[in-house]
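As a plain string of letters, each chain reads:
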Amino acid sequence: MWHHFTNTAEETFALGERLGALAFPGTAVSLIGDLGAGKTVFARGVGAGLKVCTHMASPTFVVVHTHEGGRLPLWHADLYRINEEEELEQLGLYDVLDADGVVVIEWAERFPDVLPTDRLEITLEHSAQGRALAVRATGPRHEALSKSLGG
Ligand SMILES: Nc1ncnc2c1ncn2[C@@H]1O[C@H](COP(=O)(O)OP(=O)(O)O)[C@@H](O)[C@H]1O
Ligand SMILES: [Mg+2]
């Protein structure tokens, strides 16, 4: 686990962008943090790092957004409005977790049981000014990614 402090949205975006550049097929990222913590800013950075073509709107109303045209397909999900775990299958979340792309999930902590056991987990917290990010790999597949991102 390592920690990173960002003073601005641009810095949070830039960290996401680096992750997008380093991501491998099957990368899964869970983003944990309150409303306004910067999860969507980070996810947009990932899209920029992958060089996806589509504009990355806030996914609050569409639960799983697909972004193509980049180095790897990117799926950006927001589980904020999901109430039942059963909905996730219908929404295609399990399919995209099995595909060899990059999946970034906001409010991932709402459904801990459906997350891949091996993932990169990023917690974002408001602090006096800026955001405190904590990054950890939960399994061996994401360990090197966590290290290269932090180093
Ligand atoms: N250090 C920072 N990192 C990320 N966002 C920041 C930061 N400082 C200010 N902000 C602002 O906070 C808001 C974060 O919004 P958003 O990414 O949509 O949050 P979430 O998806 O976690 O609800 C944006 O308006 C952004 O400009
Ligand atoms: Mg968001």
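Scroll up to find the structure this text is about.
Below is a summary of the structure that appears in this document. (Residues numbered from 1 in each chain as written. Chains lettered and ligands numbered in written order. Predicted model: local features only at pLDDT ≥ 70, side-chain atom pairs only at ≥ 80, totals over all residues.)

**Side note on the overall build of the protein**
Link 1 in the chain: In terms of regular secondary structure, the protein is built from five helices and seven strands.
Link 2 in the chain: Ordering the α and β elements of the protein from the N terminus gives β-α-β-α-β-β-α-α-β-β-β-α.
Link 3 in the chain: Against the globule reference of 15 Å for 151 residues, the protein gives a C-alpha radius of gyration of 14 Å, in line with a compact fold.
Link 4 in the chain: Structurally, the protein occupies a C-alpha span of about 40 × 30 × 30 Å along its principal axes.
Link 5 in the chain: A total of 151 residues make up the protein; the buried ones form 40% of that total. (Helix = DSSP H or I, 4+ residues; strand = E, 2+ residues; numbered from the N terminus. Rg over C-alpha atoms; globule rule 2.2 N^0.38 Å. Buried ≥ 20, exposed ≤ 12 C-beta atoms within 10 Å, placed from the backbone.)

**Structural notes on helix 2 (residues 39-50)**
Link 1 in the chain: Taking 1.5 Å of rise per residue, the 12 residues of helix 2 would be expected to cover 16 Å, and the 17 Å separating its terminal C-alpha atoms lies within 8% of that figure.
Link 2 in the chain: In terms of burial, helix 2 is largely enclosed, as 11 of its 12 residues are buried.
Link 3 in the chain: What helix 2 keeps buried is the set Lys 39, Thr 40, Val 41, Phe 42, Ala 43, Arg 44, Gly 45, Val 46, Gly 47, Gly 49 and Leu 50.
Link 4 in the chain: Those residues of helix 2 that are buried lie in contact with helix 1 (9-22), strand 2 (27-32), strand 3 (64-67), strand 4 (74-78), strand 5 (102-106) and strand 6 (120-126).
Link 5 in the chain: Two residues or fewer after helix 2 comes Lys 51, characterised by a positive phi angle close to 60°. (Expected span 1.5 Å × (residues − 1). Contact = placed C-beta atoms within 7 Å.)

**A look at the sheet that holds strand 6**
Link 1 in the chain: The mixed open sheet is built from seven strands, whose spatial order is 1-7-6-2-5-4-3. Bordering the open sheet on either side are strand 1 (2-6) and strand 3, each of which pairs with just one other strand. On average, each strand axis in the sheet is inclined to that of its neighbour by 20°, with strand direction left out of account.
Link 2 in the chain: Here strand 2 pairs with strand 5 via five bridges, running parallel. From the neighbouring strand, Val 29 faces strand 5, where its bridge partner is Val 104.
Link 3 in the chain: Each of strand 2, strand 3, strand 4, strand 5 and strand 6 touches helix 2; the most contacted strand, strand 5, lies at about 170° to it. (Pairing = 2+ DSSP bridges. Axes fitted to C-alpha atoms, helices over the stretch in contact; angles between N-to-C directions.)

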